[in-house]
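Overview (structure and organization)
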Amino acid sequence: MTAPKGLEGIVVAQTNISHVFGTEGKLVYRGYNINELAGKASYEEVAFLLWNGHLPTQPELDALNAKMRPMRKLTDGGYALKALKGGANPMDALRTEISLLAALAPISGTATIDQAMLLTALFPTVVAAFQRLRNGKEPLEPRDDLGHAANYLYMLTGEVPPENHVKSLDTYLVLLADHGMNASTFTARVIASTESDIASAIVGAIGALKGPLHGGAPALVMDMLEQIGTAENVKPWMDNALANHQKLMGFGHRVYKTTDPRAEILREMARQSSTPAFFALARTAEEYGIAELNRRKPDQRLYTNVEFYSAAVLNSVGLPRDLYPTTFASSRVAGWTAHVLEQMVGNRLIRPQSEYVGREDLKFAPIAQRTPAAVS
Ligand code: ACO
């Protein structure tokens, strides 16, 4: 039996962590609809929920914060980041530095919640340190009086961020923390299933998230909106892009057949935080893009995905465009690590098969006798 291309519709694991209800446009974390959590729970509370299966009590949250505070510190002074200098892709820098820190820690053996916390604590510190180093500045130590989202912004800028920026980023981090069996989560679970360590699983997941079909899209959304320029230019620009078989960034999803619920929340946040001109451009692009995609491909039911308004929200808190994927990773690490912990319960190696469509009758020829045709 051959699975459909891209494993579409194939169920590869049972999970209690999260689920995407694609036709209803609903996302659930551990029984909570995302609308119950967004804007109410902090990222730390949601990370606890994903790892433990229930929201923390105040003493449980205090204990988590007490553990995570020292874990945010860079124990190697950003060694790999300094070696990479400024020109590296931020996702490559994050992948490399996390790999080094995990090897130094060391993170090994059966995955634990403490290891999940350490990895989650480190992501914003690494991204912020990379950003400062490439701008010729020294990395900043995290502050014990700031939470996860506030620390990220503080370590980037050196200033205590305004409350509205912290709230926006915290909500973004909550919204992106997990999402069913997406490509990077699947990657993490495959690596975990070999009984490799949690850090290796997370480093692999960063690589999977980097691609433009997954977490690399929001910067491309901003590029697209910038190229479009004005609301009046939306129709000719998109018509031309579609005529040239280009994909519209921030549209379409493997599972959602209606608007992504996260996009709806982020849209309202973008409405409040963006300039009226930018929001009008984004909204016009969204409406025209949906209408045109569904006119051209009625069977596909293509709508805006989370990446479309992520770009506007991350832009509004002052993040540079090329740090959007690393910020996405800084959120999703909680989900990845929760999935690794879950995979280890009753683990079985994930090892599918392939359908061999090559030849099986070739004979070895000594190199002097090979012709180009034989090589090919
Ligand atoms: N623009 C134009 N056409 C599209 C788009 C789009 N954004 N998305 C899908 N289509 C079309 C495809 O061209 C294809 O048409 P065809 O059947 O005529 O060849 C059809 O719809 C099905 O698309 P697939 O790419 O096969 O759908 P799949 O489920 O494999 O991919 C994906 C989903 C990768 C998100 C896709 O919609 C896409 O590339 N979107 C743009 C990139 C993007 O926004 N990525 C972020 C995803 S969200 C996330 O990962 C957090």
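About the cut-offs
Throughout, residues of each chain are indexed from 1 in the direction in which the sequence is written. In keeping with the model being predicted, local features are shown solely for residues with a pLDDT of at least 70 and side-chain atom pairs are shown and tallied solely at 80 or more, while totals for entire chains, interfaces and linings include all residues. Excluded from the side-chain calculations are hydrogens and water; all other atoms, namely the structure's heavy atoms, are used. In what follows, salt bridge is the name for a side-chain nitrogen of Lys or Arg lying within 4 Å of a carboxyl oxygen of Asp or Glu. Residue exposure (1.4 Å probe, protein chains only): buried if accessible area is under 20% of the type maximum, exposed if over 50%, otherwise partly exposed. Secondary structure elements are taken from DSSP: a helix is a run of H or I of four residues or more, a strand is a run of E of two residues or more, and numbering for both begins at the N terminus. Note on definitions: a residue-residue contact is assigned when non-hydrogen atoms from the two residues lie within 4.5 Å. These domain limits were set by an automatic method or by a database of domain assignments. Summed over both partners, the accessible area lost on bringing two parts together, with a 1.4 Å probe, is the buried area. By the criterion applied in these results, polar contacts are pairs of N or O atoms within 3.5 Å in which, for protein atoms, one can donate a hydrogen and the other can accept it, and in which residues neighboring in sequence qualify only through two side-chain atoms. For this scheme, ten residues count as nonpolar: Ala, Val, Leu, Ile, Met, Phe, Trp, Tyr, Cys and Pro. Four count as charged, namely Asp, Glu, Lys and Arg, and the remainder, Gly too, count as polar. Geometry of aromatic contacts follows a simple scheme: Phe, Tyr and Trp rings, the Trp one being its six-membered ring, pair when their centres are within 6.5 Å, and the pair is stacked under 30 degrees between planes, edge-to-face over 60, tilted otherwise. Only when the NZ atom of a Lys or the CZ atom of an Arg is both within 6 Å of the ring centre and within 35 degrees of the ring normal do we say a charge sits over the ring.

A closer look at the pattern of salt bridges
All chains considered together, the criterion is met by 18 salt bridges. Taken together, the shared-partner salt bridges in this structure form one network comprising R267, R283, E286 and E287.

Topic: helix α12 (residues 234–243)
Among all positions of α12, only V234, W237, M238, D239, A241 and L242 are buried. Looking at the buried positions of α12, the neighbouring elements they touch are α11 (217–228) and α14 (276–296). At the C-terminal side of α12, H245 shows a positive phi close to 60 degrees.

What to know about the domain arrangement of the protein
The domain boundaries assigned to the protein delineate domain 1 (13–212 + 322–343) and domain 2 (217–316). Using only C-alpha atoms to locate each centre, domain 1 and domain 2 end up separated by 26 Å. Both faces combined, the contact of domain 1 with domain 2 buries some 1900 Å², and carbon together with sulfur accounts for 72% of it. Looking only at domain 1, the three residues that lose the most surface to domain 2 are Y172, L175 and Y324, adding up to 31% of its buried area. At the junction of domain 1 and domain 2, the tally comes to 0 salt bridges. Linking domain 1 with domain 2 are 4 residue pairs in polar contact (both at pLDDT 80 or more), by the criterion used here. Contributions of two or more residues to the side of domain 1 that touches domain 2 are made by β1 (18–21), β2 (26–29), α1 (34–37), α8 (163–175) and α16 (324–343). Top element by residues in the side of domain 1 that touches domain 2 is α8. It accounts for 6 residues. A breakdown of the residues in the side of domain 1 that touches domain 2 according to their chemical character gives 12 nonpolar, 9 polar and 3 charged.

With respect to the packing of aromatic side chains
Evaluation of the coordinates by the stated rule reveals 4 aromatic pairs. Both rings, one in F308 and one in Y309, keep their centres 4.9 Å apart while their planes meet at 80 degrees; by these two values the pair is edge-to-face. Pair check on accessibility: F308 and Y309 agree, each one buried. An aromatic cluster is present here, built from F251, F279, F308 and Y309 joined pairwise through their rings. Just above the ring of F21 sits the side chain of K26; from NZ or CZ to the centre is 4.7 Å.

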